[in-house]
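# Descriptive analysis of the structure
These are the residues of each chain, in order.
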Amino acid sequence: EYGVNAKAYTLELGNTDSIFAAFKQVKADFGRLDCFVANAAHLGIGMGTFSTDVEDFNAVMEANARGSFFCCQQAAEIMRRQKEGGAIVTIGSIQANGCVRDRVPYAMSKAAMAAMGFGENSLRLPLTPMEDATRAKLYEEMRKLGIEV
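Here's a quick rundown of the structure. Quantities reported herein were computed from a predicted structural model and do not represent experimental measurements.

Right, let's talk about the overall build of the chain for a bit. Counting its regular elements, the chain contains four helices and four strands. Along the chain, helices (α) and strands (β) appear in the sequence α-β-α-β-α-β-β-α when read from the amino end. Taken across its 149 residues, the chain has 33% of its residues classed as buried. Pairs at least 24 apart in sequence give 70% of the contacts found in the chain among residues at least 6 apart. Accessible surface, the chain as shown: approximately 9500 Å² in total, 53% of it carbon and sulfur.

Here it is, written out as structure tokens:
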């Protein structure tokens, strides 16, 4: 309808082999990558400073920081070999600047995203806090495409 080729890929953010395989498939399917959106969000609800155990902390950081980092790394690796570069958009959170009670690991993970940079070779990496209404529209469109959110 819009004259563009796009495809959604499913991967496990806690599994780097899954991440690497997904981006290898992107390269095989299209030969290039123009845009990547990192929208990982393990919300870490109920995880305060004293109530969070190691396993829960690691789950939040693995999805929001580690997994997103390696996805952006793999996207940037494809893009940096393109003359035109590409765009990587990371979906951040206002909590990166200070968290609400009982979401400490989440805030820390989003601060890690804010610190990430792949600004070499004409890549753009804006950190984009997403408003709830925008998120709802994005999720609605994803559901229409059959993507489970």
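On to the packing of aromatic side chains. The full count for this structure, using the stated rule, is three aromatic pairs. An angle of 85° between the planes, with centres 6.3 Å apart, marks the rings of Phe20 and Phe70 as edge-to-face. On the criterion of sequence distance, the pair formed by Phe20 in helix α1 (residues 16-30) and Phe70 in helix α2 (residues 54-79) is long-range, its members being 50 residues apart. Residue class for Phe20 comes out partly exposed when judged on its relative accessible area of 33%. Seen in terms of ring centroids, Phe23 and Phe36 are 5.4 Å apart; in terms of plane orientation they differ by 65°. Their pairing is edge-to-face. Of this pair, Phe23 sits in helix α1 while Phe36 sits in strand β1 (residues 35-38), placing them 13 residues apart in sequence. One aromatic cluster is present, formed by Phe20, Phe69 and Phe70 through successive ring pairs. The cationic tip of Arg103 hangs over the ring face of Tyr106; the distance from NZ or CZ to the ring centre is 4.3 Å.

This part takes up α2. With 26 residues, α2 extends 35 Å from end C-alpha to end C-alpha; this agrees with the ideal 38 Å at 1.5 Å per step. Where α2 bends most, at Glu62, the angle is about 45°. One side-chain oxygen of the residue at the start of α2 lies 3.3 Å from the amide nitrogen of Glu55, identifying that residue as Asp53.

Here we take up the pattern of salt bridges. A pair can form between side chains of opposite charge whenever their charged atoms are brought close. Across all of its chains, the model carries six salt bridges by this definition. Measuring nitrogen to oxygen at the nearest pair gives 2.3 Å for the salt bridge that ties Glu77 to Arg81. For Arg81, a relative accessible area of 61% translates into the label exposed. The shortest N-O distance in the salt bridge between Arg101 and Asp102 comes to 3.6 Å. A single network of salt bridges, built from pairs that share partners, joins Arg32, Asp34 and Glu84.

A separate point is the packing of α1 against α2. Running from N to C, α1 and α2 cross one another at 25°; their axes reach a closest spacing of 10 Å. Between α1 and α2, the interaxial angle falls into the category roughly parallel. The two elements α1 and α2 cross, and the hand of that crossing is right-handed. Residues Thr16, Ile19, Phe20, Phe23 and Lys27 of α1 form the contact with α2, whose participating residues are Arg66, Gly67, Phe70, Cys71, Gln73, Gln74, Ala75 and Ile78. For the contact of α1 with α2, the residue count by class is seven nonpolar, four polar and two charged.

Right, let's get into α1. An α-helical segment advances 3.6 residues per turn. Residues three or four places apart therefore align on the same side. If you check α1, its first and last C-alpha atoms are 21 Å apart, about what 15 residues at 1.5 Å a residue would give, namely 21 Å. Those residues of α1 that are buried lie in contact with β1 and α2. Capping the start of α1, Asn15 holds a side-chain oxygen 2.9 Å from the backbone nitrogen of Asp17, two or three residues further along. Gly31, located one to two residues past α1, shows a positive phi value of around 75°.

Definitions and cut-offs
- Residues numbered from 1 in each chain as written.
- Predicted model: local features only at pLDDT ≥ 70, side-chain atom pairs only at ≥ 80, totals over all residues.
- Heavy atoms only, no water.
- Helix = DSSP H or I, 4+ residues; strand = E, 2+ residues; numbered from the N terminus.
- Buried < 20%, exposed > 50% of the residue type's maximum accessible area, 1.4 Å probe, protein only.
- Contact = heavy atoms within 4.5 Å.
- Areas by Shrake-Rupley, 256 points an atom, 1.4 Å probe, with all protein chains shown as cover.
- Phe/Tyr/Trp six-rings, centres within 6.5 Å; stacked < 30°, edge-to-face > 60°.
- Lys NZ or Arg CZ within 6 Å of the ring centre and 35° of its normal.
- Expected span 1.5 Å × (residues − 1).
- Bend = angle between axes of the 7 residues up to and from the residue.
- Polar contact = N/O pair within 3.5 Å; in protein donor to acceptor, adjacent residues only side chain to side chain.
- Salt bridge = Lys/Arg side-chain N within 4 Å of Asp/Glu carboxyl O.
- Axes fitted to C-alpha atoms, helices over the stretch in contact; angles between N-to-C directions.
- Parallel < 35°, antiparallel > 145°, perpendicular 65-115°, else oblique.
- Left-handed = near helix turned anticlockwise from the far one by under 90°.
- Nonpolar A, V, L, I, M, F, W, Y, C, P; charged D, E, K, R; others polar.

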